[in-house]
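Coordinate analysis (summary)
Okay, here's what each chain looks like letter by letter:
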Amino acid sequence: MIYPIRAYGDPILRAECKKIEENDEFLKKLISDMYETMDASDGVGLAAPQIGKNLRLFTVDSTHFPDEEGGVRQAFINPVIIEEHGEEWEFEEGCLSIPEIRENVSRPPKLKIQYITEDWESKTEVFEGLTARVIQHEYDHIEGILFTDHLSAFKKQLLKGKLSNISRGKVNVRYRMKFPKRR
Ligand code: NI
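What comes next is a walk through the structure. (Residues numbered from 1 in each chain as written. Predicted model: local features only at pLDDT ≥ 70, side-chain atom pairs only at ≥ 80, totals over all residues. Heavy atoms only, no water.)

1. As for the overall build of the protein chain
Threshold: By the criteria applied, helices consist of DSSP H or I runs no shorter than four residues and strands consist of E runs no shorter than two, each listed in order from the N terminus. Our radius of gyration is a C-alpha quantity, and the globule rule it is checked against amounts to 2.2 Å times the number of residues to the power 0.38. The classification of residues rests on relative accessible area computed with a 1.4 Å probe and restricted to protein chains. Under 20% of the type maximum is buried, over 50% is exposed, and intermediate values are partly exposed. Contact definition: two residues touch when any of their heavy atoms are within 4.5 Å. A 1.4 Å probe and the Shrake-Rupley method give the accessible areas. Residues count as covered only by the protein chains that appear here. Counted as positive: Lys and Arg. Counted as negative: Asp and Glu, with His and the chain ends omitted from the count. Note that the charge is assigned to NZ on lysines, CZ on arginines, CG on aspartates and CD on glutamates.
In terms of helices and strands, the protein chain carries three helices and nine strands. What you see in the protein chain, going N to C, is helices and strands ordered as β-α-β-β-β-β-β-β-β-α-α-β. For a compact globule of 183 residues, the expected C-alpha radius of gyration is about 16 Å, and the protein chain comes in at 16 Å, within 12% of that figure. The principal-axis extents of the C-alpha atoms in the protein chain amount to approximately 45 × 40 × 30 Å. The burial tally for the protein chain puts 49% of its 183 residues in the buried class. In the protein chain, the share of contacts with a sequence separation of at least 24, taken over all contacts with a separation of at least 6, comes to 66%. With an accessible surface of roughly 9,600 Å², the protein chain has 47% of that area assigned to carbon and sulfur atoms. Where the 27 positive side-chain charges of the protein chain centre and where its 32 negative ones centre are 10 Å apart.

2. Quick word on helix H3 (residues 153-167)
Helical periodicity: at 3.6 residues per turn, an α-helix aligns residues three or four positions apart in one direction. Selection criterion: Given the number of residues in a helix, its expected span is that number minus one, multiplied by 1.5 Å. Bend at a given residue is defined as the angle between two axes, one fitted to the seven residues that end at that position and one fitted to the seven that begin there.
For H3, built from 15 residues, the straight-helix expectation of 21 Å at 1.5 Å per residue is met to within 8% by its first-to-last C-alpha distance of 20 Å. Helix geometry: H3 is bent most strongly at Lys160, by close to 50 degrees. For H3, the elements touching its buried residues are strand E6 (103-107). Gly169 sits one or two residues past H3 and shows a positive phi near 85 degrees.

3. So, the pattern of salt bridges
Between side chains of opposite charge, pairing is possible as soon as their charged atoms come close. As a reminder, the rule being used: A pair is scored as a salt bridge if a Lys or Arg side-chain nitrogen falls within 4 Å of a carboxyl oxygen belonging to Asp or Glu.
Considering all chains together, one arrives at 13 salt bridges under this definition. With a closest N to O distance of 3.0 Å, Arg6 and Asp10 form a salt bridge. Of the two residues, Arg6 and Asp10, neither departs from the other in class, the shared state being buried. Note that Asp39 and Arg73 form a salt bridge whose closest N and O atoms lie 2.8 Å from each other. Here Arg73 lies in strand E4 (residues 73-85) and Asp39 lies in helix H1 (residues 25-40), a separation of 34 residues in the sequence. Here Arg73 falls in the partly exposed class, since its relative accessible area comes to 39%. Salt bridges linked by common partners bring Glu93, Arg107, Arg133 and Asp140 together as one network.

4. Side note on the sheet that holds strand E8 (residues 122-128)
Formally: Note: two strands are recorded as paired if DSSP finds a minimum of 2 bridges between them. Lines fitted to C-alpha atoms define the axes, with helix axes restricted to the stretch in contact, and inter-axis angles between N-to-C directions lie between 0 and 180 degrees.
Read across the sheet, five strands follow the order E2-E3-E4-E7-E8 without closing on themselves; strand pairing throughout is antiparallel. Edge positions in the sheet fall to strand E2 (45-47) and E8, since each has one partner strand and no second. Taking the axes of each pair of neighbouring strands and ignoring which way they run, one obtains an average angle of 40 degrees across the sheet. Pairing of E4 with strand E7 (residues 110-116) involves six bridges; the strand directions are antiparallel. Looking across to E7, one finds that His85 is bridged to Lys110. The strands touched by H1 are E2, strand E3 (57-61) and E4; relative to E3, the strand with the most contacts, the crossing angle is about 40 degrees. This element, helix H2 (residues 129-142), spans E2, E3, E4, E7 and E8 of the sheet and lies at about 155 degrees to E3.

Nothing here speaks to function; it is all geometry.
Written as structure tokens, this is what we have:
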């Protein structure tokens, strides 16, 4: 099932998400729906709050980045970023919840993350490059943080009108979305 993507301004995108307690049929279906929704919108990542679920879960697909060796396509359940390191680098980020806006965000290039896999196994892994970048962006989502929060006050001010239009549904987007202020 393909869910509509929650747009900027939806309170669910500001929630600190809850831990998943159980590996049940509901979770399996949710993860499969998240892959389907991410693929339908050509996303490289999708966090549960973006489809209205207040849960610490995201999917990542970094296999399509042209310069990325390997890349991953996997789900992260109850992830915890243990450490990030390296000199911060800028990369132009976008977000399915914030269509038509792309801005440079600085983040460290490497991270170590602990999470539960789809097979309900605890794992600690190191990621770098664009895969790490997508993980950092999705991890922010489950903490209620959006990439626009990382921008300067000046940039935020410049984007104010566009962001307000997105929350009202005044945006051209190819995939299905749910807008908080559409009348
Ligand atoms: Ni996003």
